[in-house]
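# Structure at a glance
Next come the chains, spelled out residue by residue.
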Amino acid sequence: YVFQLLLYKNSMSLKINYINTLNKSAKNKAIFLTMDSNISDFKGIFDEKINKKIITFLKNIKKNNKNKIFSINQDFDQKIIIILLSRKNDLFESEKIGAQFYDYIKNNHINDVVVLGSSFISVEPNLNFDSFLHGAELKSYEFNIYKSDKVKKIISFNVLVNKNNSVMQTRKKLNALLNGVNFTKDLVSEPGNILHPDEYAKRIMGLKKLGLKITVYDEKKLKKMGCNALLGVGQGSIRGSYLVTMEWNGKKSKSKPLAFVGKGVCFDTGGISLKPAKFMEDMTYDMAGSAVVVGLMKNFALRKAKINAVGVVGLVENMPGGNAQRPGDIVKSYSGKTIEVLNTDAEGRLVLADAITFTEKKFKPSFIVDLATLTGAIIVSLGSEYAGLFSNNDKLSKQIYDAGQKVREKVWRLPLHKNFDKLMNSKNADMQNINYVGGAGSITAAQFLQRFILNKTPWVHLDIAGMAFSKYGGALNSGGATGYGVRLLNKLVEDNYE
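Residues numbered from 1 in each chain as written. Predicted model: local features only at pLDDT ≥ 70, side-chain atom pairs only at ≥ 80, totals over all residues. Heavy atoms only, no water.

### Brief notes about the sheet that holds strand β9 (residues 242-249)
With mixed pairing, 8 strands are arranged side by side in an open sheet as β8-β9-β11-β10-β14-β18-β15-β16. The open sheet is flanked by β8 (213-217) and β16 (411-413), the only strands paired with a single partner. Geometrically, the sheet is characterised by an average inter-axis angle of 20 degrees between neighbouring strands, direction not taken into account. The pairing of strand β10 (residues 258-268) with strand β14 (residues 367-372) spans 5 bridges and is parallel. Across the sheet, the residue bridging to Phe260 is Val369, located in β14. Helix α10 (residues 348-363) contacts β8, β9, β10, β11 (308-318), β14 and β18 (459-463) of the sheet and is inclined by roughly 155 degrees relative to β10. (Pairing = 2+ DSSP bridges. Helix = DSSP H or I, 4+ residues; strand = E, 2+ residues; numbered from the N terminus. Axes fitted to C-alpha atoms, helices over the stretch in contact; angles between N-to-C directions. Contact = heavy atoms within 4.5 Å.)

### A look at the side chain of Asp286
On the secondary structure map, Asp286 appears in the loop between β10 and α9 (288-302). Here Lys263 takes part through its side chain, which lies 2.9 Å from a polar atom of the side chain of Asp286. Among all residues touching Asp286, those that are not within four sequence positions of it are Lys263, Val265, Asp268, Glu347 and Thr373. (Polar contact = N/O pair within 3.5 Å; in protein donor to acceptor, adjacent residues only side chain to side chain.)

### A short note on the pattern of salt bridges
In total, this model carries 25 salt bridges according to the counting rule given. In this structure, Lys263 and Glu347 form a salt bridge, with 3.3 Å as the shortest nitrogen-oxygen distance. Here Lys263 is found in strand β10, whereas its partner Glu347 is found in the loop between β13 (338-341) and α10, with 84 residues between them in sequence. Just as Lys263 is buried, Glu347 falls in that class too. For the salt bridge of Asp495 with Lys406, the shortest nitrogen-to-oxygen distance reads 2.8 Å. With Asp495 in helix α14 (residues 486-496) and Lys406 in helix α12 (residues 394-407), this pair connects stretches of sequence that are 89 residues apart. For Asp495, a relative accessible area of 35% translates into the label partly exposed. Among the charged side chains, a network of salt bridges with common partners joins Lys173, Lys406, Lys491, Glu494 and Asp495. (Salt bridge = Lys/Arg side-chain N within 4 Å of Asp/Glu carboxyl O. Buried < 20%, exposed > 50% of the residue type's maximum accessible area, 1.4 Å probe, protein only.)

### Focus: the pairing of strand β2 (residues 14-19)
Counted residue by residue, β2 has 5 buried out of 6 residues, so it is predominantly covered. With 6 bridges connecting them, β2 and strand β7 (residues 155-160) associate as parallel partners. Paired with Asn17 across the strands is Asn158, a residue of β7.

### Regarding the nonpolar core
What tends to happen in soluble globular proteins is that the nonpolar side chains get buried as a cluster. Counting residues in hydrophobic clusters, the biggest one holds 61 residues, and the most contacted among them are Tyr200, Phe260, Phe300, Val369, Leu462, Ile464 and Leu489. In this structure, Tyr200 is in contact with Leu187, Leu195, Cys266, Met287, Ser290, Ala291, Val294 and Leu315, ignoring residues within four places of it in sequence. In terms of nonpolar packing, the next biggest core, distinct from the first, is built from 45 residues, Val233, Tyr334, Leu416 and Trp459 among them. (Core = buried A, V, L, I, M, F, W, Y, C linked by side-chain atoms within 4.5 Å.)

### What to know about the pairing of strand β15 (residues 387-391)
With 5 of its 5 residues buried, β15 lies for the most part within the structure. Pairing between β15 and β16: 3 bridges, direction parallel. Residue pairing for β16: Ala387 is matched across the bridge by Val411. Viewed along the sheet, the connection from β15 through α12 into β16 turns out right-handed. Here β15 runs beside β18; their pairing, made up of 4 bridges, is antiparallel. (Right-handed = clockwise from strand over helix to strand, strands pointing away.)

### Section: the environment of Leu187
Mapped onto the fold, Leu187 is located in helix α5 (residues 165-189). The class for Leu187 is buried, based on a relative accessible area of 1%. Those residues in contact with Leu187 that sit more than four places away from it in its chain are Leu195, Tyr200, Arg203, Met287, Ala291 and Val294.

### Describing the packing of α12 against α14
Interhelical geometry of α12 versus α14 gives an angle of 115 degrees and a closest axis separation of 8 Å. Once α12 is placed against α14, the crossing between them reads as right-handed. Listed contacts from α14 to Leu396, Gln399, Ile400, Ala403, Gly404, Lys406 and Val407 of α12 are Arg487, Leu488, Lys491, Leu492, Asp495 and Asn496. Partitioned by chemical class, the residues of the contact of α12 with α14 number 6 nonpolar, 3 polar and 4 charged. (Left-handed = near helix turned anticlockwise from the far one by under 90°. Nonpolar A, V, L, I, M, F, W, Y, C, P; charged D, E, K, R; others polar.)

### Section: the state of the cysteines
Here a disulfide denotes one covalent bond, and it connects the sulfur atoms of two cysteines. For the coordinates displayed, the defined rule picks out 0 disulfides. Distance from the sulfur of Cys227, which forms no disulfide, to the nearest cysteine sulfur (Cys266) is 17 Å. Classification of Cys227 by relative accessible area gives buried; the value is 1%. A relative accessible area of 3% places Cys266 in the buried class. (Disulfide = S-S within 2.5 Å.)

### Some details on the side chain of Glu340
When you line up the elements, Glu340 lands in strand β13. Look at Glu340: it is buried, it has no salt bridge, and the nearest opposite charge is Lys427 at 9.1 Å. Residues within four places of Glu340 in sequence aside, it is in contact with Gly328, Asp329, Ile330, Ser426, Asn428, Ala429, Met431, Gln432 and Asn433. (Lys, Arg positive; Asp, Glu negative; His and termini not counted.)

Purely spatial values, then, with no claim about function.
Have a look at this one:
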């Protein structure tokens with residue numbers, strides 16, 4: 001029996017096949033061992049000569065060696081790849097080793113390898129072997145659809161492991177999560193001339209076939225609703241502005257949904273308050289918050305999550321056109337509160353202001369989590385190690401913090417306090433969209449957003465400006481869009497609400 005998985009034709013270079021017999025003539029075999037493994041751990045797999053060779057190799061490895069993956073020659077054209085596990089591995093460590101294994105195979109130009117999954121389970125039976133494969137799949141993501149050279153190298157893992165219902169159920173859930181993460185990465189990676197708000201709304205509509213209820217509010221509807229904060233951001237662009245909702249009803253009961261809200265500024269020039277030209281090309285990822293919400297909702301639908309959830313994204317393009325919003329303009333938000341726009345480059349909070357109030361009023365959710373690449377100040381504060389978390393609810397904050405620790409998508413809570421309000425109060429309107437006194441840039445942005453929670457709904461704001469995109473890559477990604485947030489919020493839901 002062979003089960004083939006190739007989720008993304010354009011964005012993955014890894015294919016996983018499940019096999020039930022070992023072809024001993026296979027050129028490359030990967031086996032899992034610990035430093036104290038012995039010959040009996042892999043009897044029946046290799047002959048006595050190779051068994052002794054492996055044991056001798058293990059004895060010569062220094063205990064403080066940081067490498068996890070080695071290879072020895074079984075024959076002149078056959079390799080045995082040894083993956084060392086420690087007894088203290090957690091699920092994330094298994095994912096990380098899977099990612100390292102994928103890199104090893106890719107960098108050594110190996111196209112095909114038999115992975116002896118049973119050896120993983122015998123070495124560390126308390127761990128989920130599928131986490132290892134999941135890490136490899138995450139690492140294999142590539143965004144290369146605009147390369148003129150269409151030759152694509154596919155690496156095959158032929159996995160020998162007992163396939164049962166629990167294994168396949170786990171794979172199904174992890175594949176759904178992988179699909180959601182990669183969809184988020186695809187969206188964030190697209191250039192602004194391709195993924196403008198009009199196209200973005202169409203792509204979200206394509207998720208209807210998965211069972212999501214999609215509603216698109218265009219400019220005409222948004223004007224009628226009074227979403228003038230969101231509309232003001234996009235009025236300088238020839239593209240449309242939209243609010244899109246995605247509803248997943250996975251519970252039979254009509255319980256309050258969990259709500260996720262995302263900032264979707266498809267390209268951010270800063271508007272009239274124009275950004276410097278240097279690195280402006282990176283502003284294609286200013287819609288990453290919305291992409292996380294879309295990928296998360298796709299994941300829920302694919303894995304048939306037993307929750308009711310809604311995703312809401314505001315899609316705009318911030319351009320300095322002849323009709324663009326001016327510094328000093330005053331707009332009336334969906335909440336009825338007025339905002340003086342002192343800086344058109346503080347636009348994400350204007351989009352979220354309307355989206356948050358709309359979500360709270362229409363869906364009456366049990367909580368709201370919003371995500372946005374909102375401030376450069378959060379990168380100054382936390383770099384690319386933590387997202388900034390701001391909240392009116394200790395319980396929800398702790399749940400998200402704990403989920404982040406488990407999947408290593410870390411968050412750090414920063415304070416909110418009424419004393420920061422004075423920095424956002426305006427002489428001419430209810431509030432202004434930027435703090436010109438200076439300091440506390442991320443906090444005052446979150447303090448601004450908190451004003452649009454009208455009914456004390458538990459709320460968390462995640463500022464992911466330092467986490468959504470990486471020029472250097474990380475443990476589970478190879479640089480570019482990271483997909484940060486999908487695994488975090490999926491874990492939040494799995495552990496606390498399913």
